[in-house]
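Commentary on secondary and tertiary structure
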Amino acid sequence: MIEIPEAATIARQAEQRLTGRSVVTAEAGHTPHGFACYYGDPARYGPMLAGETIVGARALARYVELDLGGLRLALADGVRPRLLAAGVPRPAKHQLLVELDDGSALVCTIQMYGGIALLGDGDDTDPYYQAARDALSPLTGAFTLDHLRALAAAAKPSLSAKGLLATEQRIPGLGNGCLQDILFTAGVHPQRRVDTLDDADLAEMHRTLVAVLRTMTDAGGRDTEKDLFGQPGGYTTILSAKTYDLPCPQCGGSITRKAFLGGNVYFCPTCQPKS
């Protein structure tokens, strides 16, 4: 799933490769998908996009947004965008296909769930999009320790560390994937209660959160995800579905995998004590 590092990577690649390209044809909703969410009627996407020129791209937390002048094409975290070169066969199944004037194509597919939005001026009423647009990005200096302190202070005392960082759009774009290495590096158990975190714990979580997300982004995303060209990111995950059966890289103990808050968490019980 696209999180902050992948959105930043794909947006950068799109900015470099798609800026100046014009849309020849486009089609949304070609392959029915029960968990594909479109903003408005997908049948309108083709006529609206045809003839428009891509003038830029940017990352908004978990979104990759293409700027087409008066229109914005926003791809949310469950969407897999791929740029196919001229002559490469297009997949038979897709949720969005945008053919460009150099013969290349942007193809978007959704495996589990995902959102695609074609927005004009004023078409930003979706609360998730608004949260992503207005969020303080951990990749900038605006995401300060005081900001994390405020998030913790506003949370219920019983809220877990995972809940604080990766739920309720407190930090849009930071999800269950990036969370694992952040908490491991900070030495914080994902189920640890917020009311047990003192200021030193929060300071370490802030430092680690910013540093790990920056490292992931600079490496082109995580090795569990793919970029605009279908290549895995260069950041080697410490804790993920790819590595949890390996010994803890710090103490050599066993890694625990547990379902918690809508997804698996991975942690070392020794290096990440619960209290």
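See the structure printed just above.
Below you will find a few notes about this structure. These figures come from a predicted structure and were not determined experimentally.

All right, on to the packing of aromatic side chains then. For the coordinates displayed, the defined rule picks out three aromatic pairs. Ring centres of Tyr-38 and Tyr-45 lie 6.0 Å apart, and the angle between their planes is 85 degrees; on these two criteria the pair is classed as edge-to-face. Ring centres 5.5 Å apart and planes at 80 degrees place the aromatic pair Tyr-63 and Tyr-129 in the edge-to-face group. On the criterion of sequence distance, the pair formed by Tyr-63 in strand β4 (residues 63-68) and Tyr-129 in helix α3 (residues 127-134) is long-range, its members being 66 residues apart. Grouping residues by exposure puts Tyr-63 and Tyr-129 together as buried.

Before going further, it helps to examine the nonpolar core. Core analysis: the largest hydrophobic core is formed by 31 residues, its most contacted members being Leu-49, Leu-66, Leu-68, Leu-73, Leu-96, Val-98 and Ile-116. The dominant element in this core, judged by the number of residues it contributes, is helix α1 (residues 4-18), at five residues. Contact partners of Leu-66, with chain neighbours within four places excluded, come to Ala-14, Leu-18, Ile-54, Gly-56, Ala-57, Leu-71, Arg-72, Leu-73 and Leu-106. By size, the runner-up hydrophobic cluster in this structure holds 27 residues, among which are Leu-179, Ala-186, Leu-197 and Tyr-235.

The next thing to look at is unusual backbone geometry. Across residues other than glycine, the phi torsion is negative in most instances, and most of the peptide bonds are trans. Not every positive phi belongs to a glycine, and Glu-168 is a case in point at roughly 60 degrees. Relative to the elements of secondary structure, Glu-168 occurs in the loop between α5 (161-166) and α6 (176-186). Judged by its relative accessible area of 67%, Glu-168 is exposed. Its identity as a non-glycine residue notwithstanding, Leu-261 has a phi of 55 degrees, on the positive side. With respect to the element layout, Leu-261 can be found in the loop between β10 (256-259) and β11 (264-267).

This part is about the state of the cysteines. What the rule picks out here adds up to zero disulfides. Cysteine Cys-251 remains unbridged, with the sulfur of Cys-268 as its closest cysteine sulfur at 3.6 Å. The class for Cys-251 is partly exposed, based on a relative accessible area of 38%.

Contact geometry of helix α4 (residues 145-154) with helix α7 (residues 199-218) gives a least axis separation of 10 Å together with a crossing angle of 120 degrees. With respect to α7, the element α4 is oriented oblique. In the packing of α4 onto α7, the handedness of the crossing is right-handed. Taking contact as the criterion, the partners of Leu-145, Leu-148, Arg-149 and Ala-152 in α4 are, on α7, Asp-199, Leu-202, Ala-203, Met-205 and His-206. Of the residues belonging to the contact of α4 with α7, the class tally is six nonpolar, one polar and two charged.

With that settled, consider α7. Compared with the 28 Å implied by 1.5 Å per residue over 20 residues, the 28 Å span of α7 between its first and last C-alpha is a close match. Every buried residue belonging to α7 is among Asp-201, Leu-202, Met-205, His-206, Thr-208, Leu-209, Val-212, Leu-213, Met-216 and Thr-217, and all of these are buried. Where α7 is buried, its residues contact α1, α4, α5 and α6. Two to three positions downstream of the cap, the backbone nitrogen of Ala-200 sits 3.1 Å from a side-chain oxygen, assigning the N-cap of α7 to Asp-198. Of the residues one or two after α7, Gly-220 is the one with positive phi, at around 85 degrees.

The next point concerns the sheet that holds strand β2 (residues 36-39). As summarised here, the arrangement of the five strands in space is β2-β9-β5-β4-β3, forming an open sheet in which the pairing is mixed. The sheet is open, and its two borders are formed by β2 and β3 (56-60), each paired with just one other strand. In this sheet, adjacent strand axes meet at a mean angle of 15 degrees when their direction is disregarded. Pairing geometry for β4 and strand β5 (residues 71-75), over five bridges, is antiparallel. If you follow Val-64 over to β5, its bridge partner there is Leu-75.

Two numbers describe how α6 lies on α7: the axes approach to 9 Å, and their chain directions differ by 135 degrees. Regarding the angle of α6 to α7, the classification is oblique. Crossing geometry of α6 relative to α7 is assigned as right-handed. Where α6 approaches α7, its residues Cys-178, Asp-181, Ile-182, Leu-183, Thr-185 and Ala-186 are matched on the opposing element by Glu-204, Met-205, Thr-208, Leu-209, Val-212, Leu-213 and Met-216.

Here the focus is the pattern of salt bridges. Under the criterion given, the structure shown has 15 salt bridges. Between Asp-199 and Arg-149 there is a salt bridge; the shortest N-O distance is 2.7 Å. Of the two residues, Asp-199 sits in helix α7 while Arg-149 sits in helix α4, which places them 50 residues apart along the sequence. Accessibility expressed as a relative area gives 40% for Asp-199, which makes it partly exposed. Salt-bridge contacts for Asp-223 lead to Lys-242; the nearest nitrogen and oxygen are separated by 3.6 Å. Within this pair, whereas Asp-223 is found in the loop between α7 and β10, its partner Lys-242 is found in the loop between α7 and β10, the two being separated by 19 residues in sequence. Residue classification places Asp-223 among the buried residues on the basis of a relative accessible area of 17%.

Cut-offs used in this document
- Residues numbered from 1 in each chain as written.
- Predicted model: local features only at pLDDT ≥ 70, side-chain atom pairs only at ≥ 80, totals over all residues.
- Heavy atoms only, no water.
- Phe/Tyr/Trp six-rings, centres within 6.5 Å; stacked < 30°, edge-to-face > 60°.
- Helix = DSSP H or I, 4+ residues; strand = E, 2+ residues; numbered from the N terminus.
- Buried < 20%, exposed > 50% of the residue type's maximum accessible area, 1.4 Å probe, protein only.
- Core = buried A, V, L, I, M, F, W, Y, C linked by side-chain atoms within 4.5 Å.
- Contact = heavy atoms within 4.5 Å.
- Disulfide = S-S within 2.5 Å.
- Axes fitted to C-alpha atoms, helices over the stretch in contact; angles between N-to-C directions.
- Parallel < 35°, antiparallel > 145°, perpendicular 65-115°, else oblique.
- Left-handed = near helix turned anticlockwise from the far one by under 90°.
- Nonpolar A, V, L, I, M, F, W, Y, C, P; charged D, E, K, R; others polar.
- Expected span 1.5 Å × (residues − 1).
- Polar contact = N/O pair within 3.5 Å; in protein donor to acceptor, adjacent residues only side chain to side chain.
- Pairing = 2+ DSSP bridges.
- Salt bridge = Lys/Arg side-chain N within 4 Å of Asp/Glu carboxyl O.

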